[in-house]
Structure formats: structure tokens, C-alpha cells
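# Structure at a glance
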Amino acid sequence: MCGRIRFATRGSAVFPHTCVCRHCQKLGGTPVMWWVGFETVTWTGEGGEPTWYETFEGEAKRGFCPTCGSRLAAIDSGIPEIGINVTALDDTSGPDLVPIHASFRDNAVHWLPLVPETEHSTAG
């Protein structure tokens, strides 16, 4: 939001999906978050790398801007790509960003339509 943390991604967008787990709902302050993975992310802005918060010890951490609080990224054990909150991208219109999966469907709010499943995953 403030622009201090900027980044460049390399590689194809991997597994674009929404997540409605309780953790993502609290993290984003919304009923759903929108994620995508990239092989490599290079932090380029004057703010450097995000501040990382370990959400699940030894398993997952989430990156945010310490200046404005924007949620930017995720690193999860066992997943080789770096997760990026799609709304942190400058351009969110690419067809490779359209969600193909919705994680933790049972946690979804009843009034929000879910993403149709076009690809299944063992995650969530």
C-alpha cells in the first residue's frame, strides 16, 4: 500500500487459489484471501524484505510491510514456491491468476459464493 516494499517475481504463477481458513480470515481481516506462488521473488523496494511473522512454528510464516501493514507473502514448509497475496501485485488481471482452487471450504461464510474447483489439491 505504501510502496516501500516492492518485488519482482520470476517463473510462472503456480496454484492461484483463495483461502478461507480461520487464519487467513484473521490475517486479512476479510472472509477470503487470494494467493499465488512464484518460483522466485526478489525484494526490490527501499523497504527491503517484508517483516516475517511465524504463524506456525517451523512450518509457516507470513510477510508484511512494517510501515503500512500490507500482507504480502507467505513461506510454507514443503511448498517450494513463495506465496504472494495477489492483491499485492501491480497487475491482478492475468488469466494465470484466476483461482483454480478454494482451500478450507468448510470455513467459508455462507453468503459468499466459492471459487469453482477447476483443479484439486491435497492442500487445505
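Residues numbered from 1 in each chain as written. Predicted model: local features only at pLDDT ≥ 70, side-chain atom pairs only at ≥ 80, totals over all residues. Heavy atoms only, no water.

Here we come to the overall build of the protein. When its secondary structure is counted, the protein shows one helix and nine strands. In sequence order, the protein lays out its α and β elements as β-β-α-β-β-β-β-β-β-β. On C-alpha atoms alone, the protein measures out to a radius of gyration of 14 Å, which is about the 14 Å that the 2.2 N^0.38 rule sets for 124 residues. Projecting the C-alpha coordinates of the protein onto the three principal axes gives extents of approximately 40 × 25 × 25 Å. Restricting to contacts in the protein with at least 6 residues of sequence separation, those with at least 24 account for 53%. For the protein, the exposed surface amounts to about 7300 Å²; the carbon and sulfur share of it is 54%. Of the side-chain charges in the protein, 9 are positive and 14 negative, and the distance between the mean point of each set is 7 Å. (Helix = DSSP H or I, 4+ residues; strand = E, 2+ residues; numbered from the N terminus. Rg over C-alpha atoms; globule rule 2.2 N^0.38 Å. Contact = heavy atoms within 4.5 Å. Areas by Shrake-Rupley, 256 points an atom, 1.4 Å probe, with all protein chains shown as cover. Lys, Arg positive; Asp, Glu negative; His and termini not counted. Charge placed at Lys NZ, Arg CZ, Asp CG, Glu CD.)

The description of two aromatic rings rests on the distance between their centres and on the angle between their planes. Using the criterion set out here, one finds two aromatic pairs in the structure. With centroids separated by 6.4 Å and ring planes inclined at 75°, the aromatic side chains of tryptophan 43 and tryptophan 52 adopt a geometry described as edge-to-face. Overall, tryptophan 52 belongs to the partly exposed group, its relative accessible area being 21%. Taken together, the aromatic side chains of Phe7, Trp43 and Trp52 make up a single cluster linked through ring pairs. Positioned over the ring face of tryptophan 52 is lysine 61, at 5.4 Å from the centre of the ring. If you follow arginine 62 out to its NZ or CZ, it ends over the ring of tryptophan 35, 5.9 Å from the centre. (Phe/Tyr/Trp six-rings, centres within 6.5 Å; stacked < 30°, edge-to-face > 60°. Buried < 20%, exposed > 50% of the residue type's maximum accessible area, 1.4 Å probe, protein only. Lys NZ or Arg CZ within 6 Å of the ring centre and 35° of its normal.)

Here we take up the environment of threonine 44. Along the chain, threonine 44 turns up in the loop between strand 4 (40-43) and strand 5 (51-56). Threonine 44 sits 37 residues away from phenylalanine 7 along the chain, and the two C-alpha atoms are 5.0 Å apart. When residues no more than four places from it in sequence are discounted, the contact partners of threonine 44 are Arg6, Phe7 and Ala8.

In spatial order, the strands read 5-6-7-8-3-2-9; together these seven strands make up an open sheet with mixed pairing. Strands with a single pairing partner mark the edges of an open sheet, and in this sheet they are strand 5 and strand 9 (101-103). Across this sheet, the average inter-strand angle for adjacent strands is 30°, counted without regard to direction. Examined bridge by bridge, strand 2 (residues 14-19) and strand 3 (residues 33-38) share four bridges and lie antiparallel to one another. Within strand 3, the residue paired with cysteine 19 across the bridge is methionine 33. (Pairing = 2+ DSSP bridges. Axes fitted to C-alpha atoms, helices over the stretch in contact; angles between N-to-C directions.)

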